[in-house]
Amino acid sequence: MKIIVLTKNYGDGYTGAASATFSLINEWTNRGIAVDVYTLHVVGAVNSAATVHQCSGKTEMIRKIRAKTAGSSAYVGYSDDHLGFFFRLVPLRYLHTYHSFWPVGAFYTGRLGIVKAAWFMPQYAVTIYNSAVTISISDWMKHVTQKFNAQSYVIRNGVELKEKHAITGGIEKNKAQYHVLMVGGIDQRKFGHLLKVLQLMPPGLVNRLSIDVYGAAHDQALCEKLRSFSNVHLQGFKNDIRYGAYDFFLTTSVMENLSIAVVEAIESGLPVIGFQVGALAEVVTENLGVLVTVKKDQALAAVLTQIVEQGLKFSLFDNSQVIAEYDWGLAAKKYSDYLEGI
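Quick notes on the rules
- Residues numbered from 1 in each chain as written.
- Predicted model: local features only at pLDDT ≥ 70, side-chain atom pairs only at ≥ 80, totals over all residues.
- Heavy atoms only, no water.
- Core = buried A, V, L, I, M, F, W, Y, C linked by side-chain atoms within 4.5 Å.
- Buried < 20%, exposed > 50% of the residue type's maximum accessible area, 1.4 Å probe, protein only.
- Helix = DSSP H or I, 4+ residues; strand = E, 2+ residues; numbered from the N terminus.
- Contact = heavy atoms within 4.5 Å.
- Salt bridge = Lys/Arg side-chain N within 4 Å of Asp/Glu carboxyl O.
- Pairing = 2+ DSSP bridges.

### Concerning the nonpolar core
Consideration 1: Among the nonpolar cores identified, the biggest contains 71 residues, and Phe248 and Ile273 are the most heavily contacted of them.
Consideration 2: With six residues, the top contributor of residues to this core is helix α10 (residues 297-310).
Consideration 3: Residues within four places of Phe248 in sequence aside, it is in contact with Ile171, Tyr178, His179, Val180, Leu181, Leu209, Leu270, Pro271, Ile273, Leu304 and Ile307.
Consideration 4: Ile3, Ala20, Ala331 and Ile342 belong to the second largest nonpolar core, which has 24 residues in total.

### Focus: the pattern of salt bridges
Consideration 1: Summed over all chains, the structure comprises 10 salt bridges.
Consideration 2: In this structure, the salt-bridge partner of Asp36 is Lys68, at a minimum N-O distance of 3.8 Å. Taken as a pair, Asp36 in strand β2 (residues 34-42) and Lys68 in helix α2 (residues 58-69) lie far apart in primary sequence, 32 residues in all.
Consideration 3: The closest approach of N and O atoms between Glu60 and Lys64, which form a salt bridge, is 2.8 Å.

### A short note on the pairing of strand β5 (residues 94-98)
Consideration 1: Burial of β5 is extensive: five of the five residues sit out of reach of the surface.
Consideration 2: Residues of β5 alternate between two faces, with Tyr94, His96 and Tyr98 on one and Leu95 and Thr97 on the opposite face, all of them buried.
Consideration 3: Relative to β5, strand β4 (residues 75-79) runs parallel, the two sharing three bridges. Bridging across to β5, Tyr78 finds its partner in Leu95.

Following this line, the structure appears as structure tokens:
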């Protein structure tokens, strides 16, 4: 088996989907599987053992894949975004992984979200429908993919951490300052509500939260507003984040499928505080954090205020069963089995 990866944007760190594909390619090439990547944009670290073909346009991408796979039955396709249906034009049987949150996300991301859904969802629908197998990263989104393709299954993304802690027991009280971790590309969807939440906290308490944000700066205007808070520190994108240096993980995203950063936080023993979006409830149980209704800024501000004033106590909970599925080696093996079968 040889794998052709087709994706609009390729490179570790650009998006969660791009990083997931990067990790899978590492696992596949380590197992001796040949991987060719066809992409329009290279936007991060690349896999040294894969062959990367950066194409000037979509027509060239299809033409090059067609030339590469002509006359050979050894090739199968893998897609991670809305362009996956291009494999149908090659033609090449393929597996698609659905990382996104359309159409549900349209209802939580405003007018722009509706416009984006109108553009992306038809392409995703065609991509999912024409795939031999579609993989979702959560049970929550599988209910969407299986409407378009009966061959829909769930494979969890993996996590890669140097430090792992299997037990969590809450957030200590009476600390002079709480070190808070946030991870994700900085845009309105993920960080727009952080501004509102911080403004709703009592001024004397909000500065006891020292917030480090790791992620690419997609919205410069929003970054400037975040920098206006002396306790918010934009750290840029980094591959190696020391989760263990923080008291808890905060997410203000108004729509996600299933954030791998949240899983990494749980695997590190960090409680997760944030909005209940997408599939977060599949991993953030009552003993691992507190989730409030999406966009309820006052409710989230109240939880953060409670943490500063009183701490937050959970029953000791062994999170090893929750995170056991989130392993790249296990994921790559499952993907390989499905790819071999198509």
